[in-house]
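Secondary and tertiary structure notes
What follows is each chain in one-letter form.
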Amino acid sequence: MNSLLDWLDVRTGYKALVHEALNEPIPGGAKWKYVWGSTLTFVFAVQVITGFFLWSAYSPSTLTAWESVYYIQHVMSFGWLVRGIHHFAAQAMMVLLGLHFMQVVIAGAYRAPREVNFWLGLVLLQIVLGLSLTGYLLPWDQKGYYATKVATNIVGVTPVIGPQLQQIAQGGTTYGHHTLTRFFALHAGVLPALLVGFLALHIYVFRRHGITVSEADQKKPIGKFWPDQVLMDAVACLGVLATILFFTVWKGAELTGPADASEAYSAARPEWYFLFLFRFLKFEEVDKLGLVFGALYVPGAIMGVIALMPFIGKWKLGHRFNIAFTFALLAGAAFLTAIALKEDSADKNYQAAVHMAEFEGHRAVELAREFGIPSTGALSLLKEDALIQGPKLFARHCASCHRYNGHNGLDQVPMREVEENGEKKQVEELATAADLGEFGSRNWITKVLTDYHTTFAPLKNSGERGERFLQGEMAEWVKDNAETLKKPENADSLKSLVEFLVAEGGREELQPFDPALVEAGKAIFKSGQLANGSFTSNCADCHTLASVGEGAGPGYPTLTGYAGKVWLTEFIKNPAHDGFYGSERNLMPGFEGKISDKELKLLVDWMVGDYFRKK
Amino acid sequence: MEPSSSLPPDQPTARRNFLAVAGSLVAGAIVSLTPLMAGLAFFLDPVLRKKETFKGGDADGFLPVTTLSELPDDGTPLRFALLADKVDAWNQFKNQSIGTVYLRKFEGNQVIAFNDTCPHLGCKVDYQEASQTFLCPCHASAFKLDGERMNHIPPRNLDTLEVKTDSNGKVWVKYQDFQCGVEKKGAV
Ligand code: FES
């Protein structure tokens, strides 16, 4: 073994190199505070390793990026682990950069003759920021997509060359396949290569000048890099790795729904370490000064001050200023981050949008697992899915009058701005029609039969015509018969009647229907005869059992197929049809021609619960 | 490398030093091997995990191909494409040809099926009407009508596939690909 190593040494001289690398003297001995640079190098190595493997499975195009990341994360062996490490190591790198920077400033390590190395460090910082920015887009999910849009739009406002720069970054005027190929080339090729180059220079220059040692430590005995400092470095790296693994197992790298350019994601936020900048740009005063000011000039000025630290440090109070500046910067960033987080956690609609993106992520994965992804991409799975599209269509077309369990289908409450004593205020927009959260269910029908007034109460918000509904024949009928229906002796009769009406709709999710109850219910519907007493008038007096849409006449909705797919479709198309409310009474707009057949089908399928469910 | 040999020999704290060396080696190994091993395991996914190449067969993996009446009674081979939903990593392509087979029918409605992939190196063999043989255009493998090889270019006979017929006269084939270039027929 030894002779082999000697043979190699004669030909390469590696022993001298290793000796040089390991035997660097450390005045004052090894110290924990010197570990940050090494941990950064380590995390970068982790990124190169995991990045390479991810590269072997990732496919950059708008039809395959999300899909391949889904496959990595949810199907491939250990994909979740490799991607998780890569994802959280990137964030660890930002934290370690901050610590390293603070250590350098506090120790005054930017002072002569180490200025150049300080600047090399700043270049490395920019490259790492670039890596995190380019990496965020690659999964092509809603969060990454919209967060990165903000960044490229900022590039676009750069004076003079902005638009051209933006187009070069995007590979065109809009996001597309080439945005991904370019970002990927930057993320996996150009930026890592630059980082390796500058890191080598950084370490080379660092070795030339050695560690910056405080005066007190200079008197202490000299330590060695190997093994004293290496041990500390290795233990620190172990700690970093453990933290990364902890988050990987605990949280896992996130993948929200596939990017959808047609569906704005109203909760777009950058990664947490850019959140302070995002919040800074939101200040009205900053906004007034223009995006260029907030997004380019201010950060540019800050970077300028940092770059000048070696010179500032020469002045009498310069070093103190540098430290104070660094801390002020960190405190400011922490403060802004805290505000941003606090505002977001108080913003219900923001929460709803985040929740939605996460839900779409889960759903897309669920559908991809069950059906495989068509060549048109995972987004088309979501576009054809009633569970995802239904609530959106409801929010768009129905929520201006109806609610769905109190919200607009998307967990948001429609708001409206009002002026009160000269002050603008957001107030909840009142519903003017029934809440459809339980529409067609056993509970719904029971409510209509026994508590018509509460069920349709929102109608009073729609003025005189709504009032007429609340005092119409059905309202009167319920007023006269609710007491009878609610009698304990009639519990079974009510159940039967409800079962009959539910069975009429034939909805899959409400099955099985009890045939005996249905029969009994039908008899009650026709005769009005209950276990105890009878109706003032039979259901069948007004509601004939006919084919859908052909009722007894205007104002007496057909109950055949009630709340089922066909019924609901016809109803939404034209509620003023004589088989439903009739043109005289109807308040609801007909949607025939206003909504495509495909959309209508998705909406109805969602309302009746007809979509894929995981067993 | 022998880092410890580069230390001054008369180090008074040799024991402490040994612990430091051992500690850094162990910690160093853990931190460098964790991402590397995870990545390697990930890279080996194709051999670690059994993957479907198509979907849509019956419970035993048989696909419907044709009907008995479509096949000539004299045992003349006919080529058929098998249609199923092709699975390629995350993508599923509906109703694609996932492979081709030769079917031959004999008396009593006995059917045999050959995978038409040449067991030599994977070209497709062609049935020659005139000589009643299967010929491979790539390196001149030749097979008799019953699949037996006629020269020693291919390492084995043509690969047969499992066939079944149902009461409606439908012919079903269990499609499989086999490793090329080896004597033993082994599904891949
Ligand atoms: S592949 Fe058929 S002879 Fe070589």
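Note: the structure precedes this text.
Let me sum up the structure you'll find in this document. Small disclaimer: the values here were computed from a predicted structure and weren't measured.

Analysis parameters
- Residues numbered from 1 in each chain as written.
- Chains lettered and ligands numbered in written order.
- Predicted model: local features only at pLDDT ≥ 70, side-chain atom pairs only at ≥ 80, totals over all residues.
- Heavy atoms only, no water.
- Helix = DSSP H or I, 4+ residues; strand = E, 2+ residues; numbered from the N terminus.
- Rg over C-alpha atoms; globule rule 2.2 N^0.38 Å.
- Buried < 20%, exposed > 50% of the residue type's maximum accessible area, 1.4 Å probe, protein only.
- Phe/Tyr/Trp six-rings, centres within 6.5 Å; stacked < 30°, edge-to-face > 60°.
- Contact = heavy atoms within 4.5 Å.
- Buried area = accessible area lost by both parts, 1.4 Å probe.
- Salt bridge = Lys/Arg side-chain N within 4 Å of Asp/Glu carboxyl O.
- Polar contact = N/O pair within 3.5 Å; in protein donor to acceptor, adjacent residues only side chain to side chain.
- Nonpolar A, V, L, I, M, F, W, Y, C, P; charged D, E, K, R; others polar.
- Disulfide = S-S within 2.5 Å.
- Expected span 1.5 Å × (residues − 1).
- Pairing = 2+ DSSP bridges.
- Axes fitted to C-alpha atoms, helices over the stretch in contact; angles between N-to-C directions.
- Parallel < 35°, antiparallel > 145°, perpendicular 65-115°, else oblique.
- Left-handed = near helix turned anticlockwise from the far one by under 90°.

On to the overall build of chain B. What chain B contains, in helices and strands, is 2 helices and 10 strands. Ordered by position in the sequence, the α and β elements of chain B form the string α-α-β-β-β-β-β-β-β-β-β-β. Taken over C-alpha atoms, the radius of gyration comes to 28 Å for chain B, far larger than the 16 Å a tight globule of 188 residues would show. By principal-axis analysis of the C-alpha atoms, chain B measures approximately 95 × 35 × 25 Å. By the burial criterion, 38% of the 188 residues in chain B qualify as buried.

On to the packing of aromatic side chains, then. With the rule as written, the count across this model stands at 42 aromatic pairs over all chains. Each ring, one from Tyr127(B) and one from Phe134(B), has its centre 5.6 Å from the other, and the planes form 55°; the classification is tilted. A residue is classified by how much of its surface remains accessible, and Phe134(B), at 0% relative accessible area, is buried. One aromatic cluster is present, formed by Phe439(A), Trp444(A), Tyr452(A), Phe456(A), Phe469(A), Tyr562(A), Trp567(A), Phe571(A), Phe580(A) and Tyr581(A) through successive ring pairs.

Each partner contributes to the interface: chain B provides 37 residues, whereas chain A provides 47 residues. Taken together, both faces of the contact between chain B and chain A bury some 3300 Å²; the carbon and sulfur share is 73%. The largest share of the area that chain B buries against chain A comes from Val31(B), Phe42(B) and Trp90(B), three residues that together contribute 25% of it. Applying the counting rule to chain B against chain A returns 0 salt bridges. At the boundary of chain B with chain A, the tally comes to 7 residue pairs in polar contact (both at pLDDT 80 or more). Secondary structure elements with two or more residues in the side of chain B that touches chain A: helix H1 (14–43), helix H2 (45–48) and strand S4 (91–106) of chain B. Looking at which element gives the most residues to the side of chain B that touches chain A, the answer is H1(B), with 20 residues. Per-class residue counts for the side of chain B that touches chain A are 21 nonpolar, 10 polar and 6 charged.

Attention now goes to the state of the cysteines. Residue and element names in this part refer to chain B. Enumeration over the complete set of coordinates arrives at 1 disulfide over all chains. The disulfide bridge from Cys-123 ends at Cys-138, spanning 1.8 Å between sulfur atoms. A torsion of -95° about the S-S bond marks the disulfide between Cys-123 and Cys-138 as left-handed. On the criterion of sequence distance, the pair formed by Cys-123 in the loop between strand S5 (110–115) and strand S6 (126–128) and Cys-138 in the loop between strand S7 (133–135) and strand S8 (142–143) is long-range, its members being 15 residues apart.

A separate point is helix H17 (residues 348–371) of chain A. Here H17(A) is 24 residues long and its end C-alpha atoms lie 33 Å apart, about the 34 Å a rise of 1.5 Å per residue gives. Two residues or fewer past H17(A), Gly372(A) is found with a positive phi of approximately 75°.

Before going further, it helps to examine the pairing of S4(B). Residues and elements named next belong to chain B. In this structure, strand S3 (residues 78–88) lies alongside S4, joined through 10 bridges in antiparallel fashion. Within the sheet, the bridge partner assigned to Asp-88 lies in S4 and is Asn-91. In this antiparallel pair of consecutive strands, S3 and S4, the connection spans 2 residues, and Ala-89 shows a positive phi of 50°. Taken together, the 6 bridges between S4 and S5 define a ladder with antiparallel strand orientation. Note that in S5 the partner of Tyr-102 across the bridge is Phe-114. Where S4 folds back on S5, the antiparallel hairpin that results is connected by 3 residues, among which Gly-108 adopts a positive phi of roughly 75°.

Looking now at the sheet that holds S7(B). Residues and elements named next belong to chain B. Judged by pairing direction, the sheet is antiparallel, and its 3 strands sit side by side in the order S6-S7-S8 without closing on themselves. What marks the edges here is a single partner per strand, and that holds for S6 and S8. As defined by bridge partners, S7 adjoins S8 across 2 bridges and the pair is classed as antiparallel. Each bridged residue has a counterpart across the sheet, and for Phe-134 the counterpart in S8 is Phe-143.

Another aspect to go through is the pattern of salt bridges. Charged atoms that come close allow side chains of opposite charge to pair. Residues and elements named next belong to chain A. Enumeration according to the criterion identifies 37 salt bridges over all chains in this entry. Glu-499 is paired through a salt bridge with Arg-442; the nearest N and O atoms lie 2.9 Å apart. Of the two residues, Glu-499 is situated in helix H24 (residues 491–505) and Arg-442 in helix H20 (residues 442–450); the sequence distance between them amounts to 57 residues. We classify Arg-442 as partly exposed; its relative accessible area is 29%. Salt-bridge contacts for Lys-479 lead to Glu-476; the nearest nitrogen and oxygen are separated by 3.7 Å. Here the residue Lys-479 and the residue Glu-476 both occupy positions in helix H23 (residues 473–486), the gap between them amounting to 3 residues, near one helical turn. Here the residues in one salt-bridge network are Lys-565, Lys-601, Asp-605 and Asp-610, joined through shared partners.

It is worth spelling out the packing of helix H12 (residues 275–282) of chain A against helix H14 (residues 291–307) of chain A at this point. All names here are of chain A. It is at 9 Å that the axes of H12 and H14 come closest, and there the two elements cross at 135°. For the element pair H12 / H14, the angle class is oblique. At the point where H12 passes H14, the crossing takes the right-handed sense. Across from Leu-277, Phe-280 and Leu-281 in H12, the residues of H14 making contact are Leu-291, Gly-294, Ala-295, Val-298 and Pro-299. For the contact of H12 with H14, the residue count by class is 7 nonpolar, 1 polar and no charged.

Here the focus is the packing of H14(A) against helix H16 (residues 318–346) of chain A. Residue and element names in this part refer to chain A. One way to put it is that H14 packs onto H16 with a least axis distance of 11 Å and a crossing angle of 150°. If you check the angle between H14 and H16, you find them roughly antiparallel. H14 and H16 meet at a crossing whose hand is left-handed. Of H16, the residues touching H14 (which contributes Ile-302, Val-305 and Ile-306) are Phe-321, Phe-325 and Leu-329. Of the residues contributing to the contact of H14 with H16, the split by class is 6 nonpolar, no polar and no charged.

Attention now moves to the environment of Val104(A). Residue and element names in this part refer to chain A. Note that Val-104 resides in helix H5 (residues 79–107). You can call Val-104 buried: its relative accessible area is 18%. Along the chain, Val-104 and Ala-301 lie 197 residues apart, while their C-alpha atoms are 20 Å from each other. Once you skip the residues sitting within four places of it in the chain, Val-104 turns out to touch Ala-109, Tyr-110 and Phe-118.

With that settled, consider unusual backbone geometry. Residue Pro113(A) is bonded to the preceding Ala112(A) through a cis peptide linkage, with omega at 5°. Among the structural elements, Pro113(A) can be located in the loop between H5 and helix H6 (115–137). Cis peptide bonds are those with omega within 30 degrees of zero, and the linkage from Gln511(A) to Pro512(A) qualifies with 5°. Here Pro512(A) lies in the loop between H24 and helix H25 (515–527). The phi angle at Asn109(B) is positive, at roughly 55°, despite the residue not being glycine. Under the relative-accessibility criterion, Asn109(B) is labelled partly exposed at 40%. Within the chain, Gln132(B) stands out as a residue other than glycine whose phi angle is a positive 50°. Following the sequence through the fold, Gln132(B) ends up in the loop between S6 and S7. Given a relative accessible area of 42%, Gln132(B) falls into the partly exposed group.

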